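Understanding the architecture of this molecule
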Amino acid sequence: MFDKLPAADRQGTGPVACADRRLSPVEDATNLIAALFIFLLMCLGIAQIVMRTVFQTPLSGYVDLVELSMAGMAFLGAAYTQRMGSHIRMELLLSHLRGRPLWAAEIAGALVGMGIIAVLIWYSGAHFWRSYQLGDTTIDAEFPVWPSKLIVPVAFSLWFLRLTIQLAGSIRMFIDPSRTPEGVTLMKDAAAIAHEEAEEALAASQDGKD
Amino acid sequence: NVDGPSVFWKISMYGNSRALTSGMEALAEKVAEETDGKFQIRIFYAEQLSPARENLDGLKLNAFEGAGICNFYHPGKNPAWMVFSLPFLPIGDPEVGRYARMRMFEHPAIVADMAKWNAIPYVSGLLQQFELMGKGTPPEKLEDWQGLQVRAGGGLGDAMEALGATKQTLSASETLTAFQNGTVDAAAFPFTYAHVAFKINEEADWYTANLAPGTSECGWVLNKTAFEALPEAYQALLMDNRDLVLDTQQAAYDAEDEVNLQLFEETLQKITYSEEELARFREIAGRPVWEKWVADNQDSFDAQGVLDDFLSYAEEARAR
Amino acid sequence: MLIGLGFEHPLLVGMIGIGLLVLLVALGVRVVFAASAIGLLGLVELIGWGPAAGIVGIVPHAKSSIYALSVLPMFIFIGFVAFHAGMTSQLFNAASKWLGWLPGGMAVATVFATAGFAAVSGASTATSAVFARVAIPEMLRYGYDRRLAAGVVAAGGTLATLIPPSAILVIYAIIVEESVGRLLLAGFLPGLVSALVYAGIIVVWAKVRPEAAPPVGGATWGERFAALPPLLPIMAVVLVIISAIYQGWATPTEAGALGAGIVFAVALFRGAGLRPIAASLMESAKLTVMIFSLIWGVTIFVRFLGFSGVAEAFTAWVVALDAPPMMIMICILLAYAVLGMFMDAIGMLLLTLPVVYPAVMALGFDSIWFGIIVVKMAEICLVTPPIGLNCFVVSAVRPDIPLPDVFRGIMLFFIADVITIIVLLIFPEIVTWLPDLMRN
Ligand code: NA
Ligand code: NA
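Counting restarts for each chain, with residues numbered from 1 along the sequence as it is written. Both sets of labels track the order of writing: A upward for chains, 1 upward for ligands. Selection of residues for local features in this predicted model requires a pLDDT of at least 70, selection of side-chain atom pairs for listing and counting requires 80 or more, and totals for whole chains, interfaces and linings are taken over all residues. Side-chain descriptors were evaluated using all non-hydrogen atoms of the structure, hydrogens and water having been removed beforehand.

So, on to the overall build of chain B. Helix and strand assignments come from DSSP, with helices taken as H or I runs of at least 4 residues and strands as E runs of at least 2, each series counted from the N terminus. What chain B contains, in helices and strands, is 13 helices and 11 strands. Its C-alpha atoms give chain B a radius of gyration of 20 Å, within 12% of the compact-globule value 20 Å for 320 residues. Type-normalised accessible area, obtained with a 1.4 Å probe on protein chains alone, sets the label of each residue: buried when under 20%, exposed when over 50%, and partly exposed for intermediate values. Sorting the 320 residues of chain B into buried and exposed places 59% on the buried side. Should any heavy atoms of two residues lie within 4.5 Å, those residues are counted as being in contact. Restricting the contact set of chain B to residue pairs at least 6 apart, pairs at least 24 apart contribute 77%. For every accessible area listed, the method is Shrake-Rupley and the probe measures 1.4 Å; residues are considered covered only by the protein chains on display. Approximately 12,200 Å² of chain B is accessible, and the part contributed by carbon and sulfur atoms is 49%. Each charge class in chain B can be summarised by its mean position, and for the 26 positive and 49 negative side chains these summaries are 4 Å apart. Using C-alpha atoms as the atom set, the radius of gyration is obtained and then compared with a globule rule of 2.2 Å times the number of residues to the power 0.38. Counted charges follow a simple rule, with Lys and Arg positive, Asp and Glu negative, and His plus the chain ends left uncounted. Note that the charge is assigned to NZ on lysines, CZ on arginines, CG on aspartates and CD on glutamates.

Further remarks concern the sheet that holds strand 5 (residues 130-134) of chain B. All names here are of chain B. For two strands to be treated as a pair, DSSP must find no fewer than two bridges joining them. The strand order across the open sheet formed by 6 strands is 7-6-8-5-9-11, and the pairing between neighbours is mixed. Each edge of the sheet is formed by a strand with only one pairing partner; in this case those strands are strand 7 (166-168) and strand 11 (269-271). Along the sheet, successive strands turn relative to each other by an average axial angle of 25°, direction set aside. One ladder, built from 3 bridges, connects strand 9 (residues 206-208) with strand 11; its direction is parallel. Residue pairing in the sheet places Trp206 in a bridge with Gln269 of strand 11. Axis definition: a line fitted to C-alpha atoms, over the contacting stretch in the case of helices. Angles run 0 to 180 degrees between N-to-C directions.

In this model, Phe191 of chain B is joined to Thr192 of chain B through a cis peptide bond whose omega is 15°. Inspection of the secondary structure puts Thr192 of chain B in the loop between strand 8 (186-190) and helix 7 (193-197). That bond from Pro164 of chain C to Pro165 of chain C is cis: its omega, 5°, falls within 30 degrees of zero. Turning to its location among the elements, Pro165 of chain C is positioned in the loop between helix 9 (146-157) and helix 10 (167-175). With a phi close to 60°, Glu47 of chain B is a non-glycine residue in the positive phi region. When you line up the elements, Glu47 of chain B lands in the loop between strand 2 (39-44) and helix 2 (55-60). A positive phi is found at Ala212 of chain B, a non-glycine position, where the angle reads about 40°. If you trace the backbone, Ala212 of chain B turns up in the loop between strand 9 and strand 10 (218-223).

A word on the sheet that holds strand 4 (residues 119-123) of chain B. Residue and element names in this part refer to chain B. If you walk across this open sheet you meet the 5 strands as 2-1-3-10-4, and the pairing is mixed. Two strands lie at the open edges of the sheet, namely strand 2 and strand 4, each paired on one side alone. Strand-to-strand, the axes of this sheet are offset by a mean angle of 30°, without reference to chain direction. Both strand 1 (residues 7-12) and strand 3 (residues 66-70) contribute to a ladder of 2 bridges, which runs parallel. Counterpart to Ser12 in the pairing with strand 3 is Ala67.

Okay, the interface of chain A and chain C next. The interface of chain A with chain C comprises 76 residues on the first partner and 76 residues on the second. A 1.4 Å probe defines the accessible area here, and the buried area is the portion of it lost by two parts on being joined, summed over both. Summed over both partners, the interface of chain A with chain C buries about 6,600 Å², with 74% contributed by carbon and sulfur atoms. The working definition used for a salt bridge is a side-chain nitrogen of Lys or Arg within 4 Å of a carboxyl oxygen of Asp or Glu. Counting across the chain A and chain C interface gives 1 salt bridge. Its salt-bridge partner being Glu254 of chain C, residue Arg52 of chain A comes within 2.7 Å of it at the nearest N-O pair. Under this definition, polar contacts are N or O atom pairs within 3.5 Å; protein pairs additionally need one hydrogen-donor-capable and one acceptor-capable atom, and for neighbouring residues in sequence, both atoms have to be side-chain atoms. Here chain A and chain C share 9 residue pairs in polar contact (both at pLDDT 80 or more) between them. Looking at the side of chain A that touches chain C, the elements that each hand over two or more residues are helix 2 (15-53), helix 3 (62-75), helix 4 (78-83), helix 5 (99-134), helix 6 (146-175) and helix 7 (190-207) of chain A. Looking at the side of chain A that touches chain C, the element that brings in the most residues is helix 2 of chain A, giving 15 residues. Looking at the side of chain A that touches chain C residue by residue, the classes come out as 45 nonpolar, 18 polar and 13 charged. Classification convention: Asp, Glu, Lys, Arg as charged; Ala, Val, Leu, Ile, Met, Phe, Trp, Tyr, Cys, Pro as nonpolar; all other residues, Gly among them, as polar.

What follows concerns the confidence of the model for chain B. For every residue, the predictor reports its confidence as pLDDT, a number between 0 and 100. Overall, the prediction assigns chain B a mean pLDDT of 91, with 98% of residues at 70 or greater. At the level of chain-chain contacts, confidence expressed as ipTM amounts to 0.90, with global pTM at 0.89.

This part is about the packing of helix 2 of chain A against helix 15 (residues 274-308) of chain C. The N-to-C vectors of helix 2 of chain A and helix 15 of chain C enclose an angle of 95°; their axes lie 8 Å apart at closest approach. Viewed along their axes, helix 2 of chain A and helix 15 of chain C adopt a mutual orientation that is roughly perpendicular. Judged by residue contacts, Asp28, Asn31, Leu32, Ala34, Ala35, Ile38 and Phe39 of chain A of helix 2 of chain A engage Leu281, Met282, Ser284, Ala285, Lys286 and Thr288 of chain C from helix 15 of chain C. Tallied by class, the residues present in the contact of helix 2 of chain A with helix 15 of chain C amount to 8 nonpolar, 3 polar and 2 charged. We call two directions roughly parallel when the angle between them is under 35 degrees, roughly antiparallel when it is over 145, roughly perpendicular when it lies between 65 and 115, and oblique otherwise.

Our next topic: the interface of chain B and chain A. Contact residues are listed per partner, giving 18 residues for chain B and 15 residues for chain A. Buried area between chain B and chain A, both sides added, is near 1,400 Å², and the carbon and sulfur share of it is 52%. Between Asp57 of chain B and Arg130 of chain A there is a salt bridge; the shortest N-O distance is 2.7 Å. Inspection of the chain B/chain A interface yields 6 residue pairs in polar contact (both at pLDDT 80 or more). Of the residues contributing to the side of chain B that touches chain A, the split by class is 5 nonpolar, 6 polar and 7 charged.

Residue and element names in this part refer to chain B. What the rule picks out here adds up to 38 salt bridges over all chains. Between Arg103 and Glu316 there is a salt bridge; the shortest N-O distance is 2.9 Å. You can see Arg103 sitting in helix 3 (residues 94-104) and its partner Glu316 sitting in helix 13 (residues 303-319), a full 213 residues away along the chain. Here Asp158 makes a salt bridge to Lys167, at a shortest N to O gap of 3.4 Å. By relative accessible area, Asp158 is classed as partly exposed at 32%. Looking at Lys167, the relative accessible area reads 22%, which means it is partly exposed.

Residue and element names in this part refer to chain A. Looking at chain A, pLDDT values average 85 and 83% of them are 70 or higher. Ranking the elements of chain A by mean pLDDT puts helix 1 (residues 7-10) last, at 47, and helix 6 first, at 97. Scored below 50 in pLDDT, residues 205-210 makes 13 contacts in the model with residues more than four places away or belonging to other chains.

So, on to the packing of helix 18 (residues 345-362) of chain C against helix 19 (residues 367-381) of chain C. All names here are of chain C. As a packed pair, helix 18 and helix 19 sit with axes 12 Å apart at the nearest point and diverge in direction by 145°. Where helix 18 crosses over helix 19, the handedness of that crossing is right-handed. Contacts between helix 18 and helix 19 involve Ala345, Met348, Leu349, Leu353, Val356, Tyr357, Val360 and Met361 on the former and, on the latter, Ser367, Phe370, Val374, Val375 and Ala378. Classifying every residue of the contact of helix 18 with helix 19 by side-chain character gives 12 nonpolar, 1 polar and no charged. Take the far helix as your reference; a near helix turned counterclockwise from it by less than a right angle gives a left-handed crossing, and one turned clockwise gives a right-handed crossing.

Most often, soluble globular proteins have nonpolar side chains that are buried together. To form a nonpolar core, buried Ala, Val, Leu, Ile, Met, Phe, Trp, Tyr and Cys residues must be joined to one another through side-chain atoms within 4.5 Å. Leu72, Met139 and Phe370 of chain C are the most contacted members of the largest nonpolar core, which has 251 residues in total. The element best represented in this core is helix 15 of chain C, accounting for 17 residues. Discounting residues that sit within four places of it in the chain, Leu72 of chain C has contacts with Ala167, Val170, Ile171, Ile291, Phe292 and Ile295 of chain C. If you look at the next biggest cluster of nonpolar residues, it comprises 53 residues, including Val31, Phe39, Ile43 and Leu176 of chain B.

A few words on a nonpolar patch on the surface. All names here are of chain C. The residues that make up patches have over 30% relative accessible area and no salt bridge, and they are joined within 9 Å when like-charged or within 5 Å when they are Val, Leu, Ile, Met, Phe, Trp or Tyr. On the surface, a cluster of nonpolar side chains totalling about 690 Å² of accessible area is made up of Met411, Phe414, Ile415, Val418, Ile419, Ile422, Ile426 and Phe427. Tracing the chain through its elements places Met411 in helix 21 (residues 403-426). Looking at Met411, the relative accessible area reads 44%, which means it is partly exposed.

Here the focus is the side chain of Thr138 of chain A. With respect to the secondary-structure elements, Thr138 of chain A resides in the loop between helix 5 and helix 6. Within the structure, the side chain of Thr138 of chain A is placed 3.2 Å from the backbone nitrogen of Glu142 of chain A, a separation counted as a polar contact. In contact with Thr138 of chain A, not counting residues within four places along its chain, are Asp64, Leu68, Phe143 and Val145 of chain A together with Pro75 of chain B.

Rendered as structure tokens:
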């Protein structure tokens, strides 16, 4: 679950595999933080219902708090999601490619991603900086907004690193497609992904049985 | 009538075309007519250009040439502008409100708030005074507010709490449902059009007619860089037509009020507070909130000065 | 200005942008990258680098920190935890005990078990995947036609997006600024109608060919009632979400939180360990990022469309068309069917609605009704060739049922879906009745 990539991909000795192994625990950790944000949102929602309906005193600043925390859920897991290959793409064409053409397409995809994420790191950083420097608060409880805005460039920097590793891994394979893949997300066709999902779901429902 | 270069201005606005936007629409028409179509102003509705809360950022970035903003969407971005949201300011009369607000739009502190964002205040949106609509027993005396659940934000919410009500922050669209099911007893909206827009009047039993507990400023600001780049004739055209914008807005509100007030009178119980009661109301829920606001903000700017000037403009307007 | 078109040709720039986006997505660039990169380039062309990049830098945070969207992680979390609490097999067990005696009874039971699971899950493919494991072996054991067995599971999965909770309906509501609660309520009856039409068509088909879908008797009343108690948590979640939204005692996010809390408590009570709980949290976080990335990525592209003025131009064009509105509506729906062959449902809505929705409103259609119809269209695309993800899922779980067989099995349900769409076109009240009841 935490580590879906094929074993060969994870045990290489080259620089790409090393970098991959260094970055993965950081990505796991940030995704876990995002997961905790989700868990806390659940607790906060329940607390709000109880406080409002039972004690007639809604938590003040609840909406503001939720809005500020959403950056944690929406961005912190971005690099992890990239590593797992879960950002949506159309694989109709890609799934027919093998060898060099496939890796060329992966390189192009990674470059587009790195380009736009680089711009976003810089300019979401600027957005954070404006709110820090010029002042910005939430609508109701007037909490400062900048910590929430700061999450974006931080999470995107991690995402950029993951894309760099995938780019390097793809270039390595483009040079010699016969190598063992390192630091790339092996594309599975839709059927294989579905199979995997079903296995997980089944394992999950077995786990839960008495 | 006015000669000059071809200029295209984009105005970023949240929501759809409505009374609040009627003034700027009239301005766009007028300006195009005067310049023979060379100076085009186009309003982009429904947050097409920017989310409402980030309109000031968009001006800072020179992404568009003007925007409609609401001071209470981002208190931290315009701290001095929060004076417009204080409860029970003596600007309940539309004429007084218009004069005092337009004087404030030239106030150094109000201008400075916008200058940070590369913006200049243009005209007030003349947002109407809030009134409350509610279900159940009408609060005919101040004491009756004790224990009621009231949908109200900002300074008005603080004022209602001072009366012993519980304030709730709900988005406008959620309010009706909460209202129907008794989660909320009363809701404050700009009077009259917003109550109708969110169908509060269809559920309510009563409304307050003369509480005038306060309002906010949802007005128009321009991009400073873009304004300064305009030829002088175009600048003058904009500045000379501020009254056109205000007149059109006011007329649009009045037209809606005429229909709505009659509707309310027919279907709801109207609560009118006596002058003594209102005075007592302001005493409890007005001045203490002002003082707290001044104390909270005096460190970052001359909040006392801003408040005093606003009050003196209102005084001037009443004297005229 | 790259090619110096500027505001004299913003429409042209907009059209070129749409073309480039389709190209990049078809080439397999991740949708979030393709949409935001083309959006950035288009904005640079229209307003220059500084303002364009600045605007783009605002979008991710601004579009993600909207309270109404916080319901998404809650809905996602409910679905994952429900797996861990073992709710799927219990649903199927109860449904087959109660409905097995009907002609095609096991297939009918599958339809209603998936409908029940839809009340805790917002994702079509996940629902199909689970029931392919739980329901297909049972149906085959009773001598059911394997194509029917595969088809009913693939089709039943699509109910998850109509019956609340549904991520897609939330996203639709937010794009068009409708009440999230009203949209969620609106999906409930059409979801049930879809299930009933599925069941009806199975019964008719099984009457004609009883050997392919024999009824299964033998469940005593005692067995039937014994199958019910394990379903209590699911019923509690349905009750919480529907009543909270309908009666207004909680926002959709809070209702989702309470629903997730219930399912979570059940999972703990049934002895789920730390590992599966952590796993469902990690999976929820991943899916949340995926959906939010899609939202802000496509919004960057849509911002560019906003600056280009394409939406107004499209509305003006559609309104000026000399054709009856219902004719135009059917053309729009057919266009969605084609688009749905190639695109993910959420991406499709995010991309098209800012342009299509104002036009549909100008034609005088109800916005909630249109949302349900469009989502139903997107779901039909999930079971039809060439992509038909739900069919892939079923075929992948059951390698003994080849993909062409699944697609053949789905024919029956495709007919059912067309009937449902026609029913919803003729009786829009099925969609609007429940949300209107809430308003009045
Ligand atoms: Na669902
Ligand atoms: Na399809």
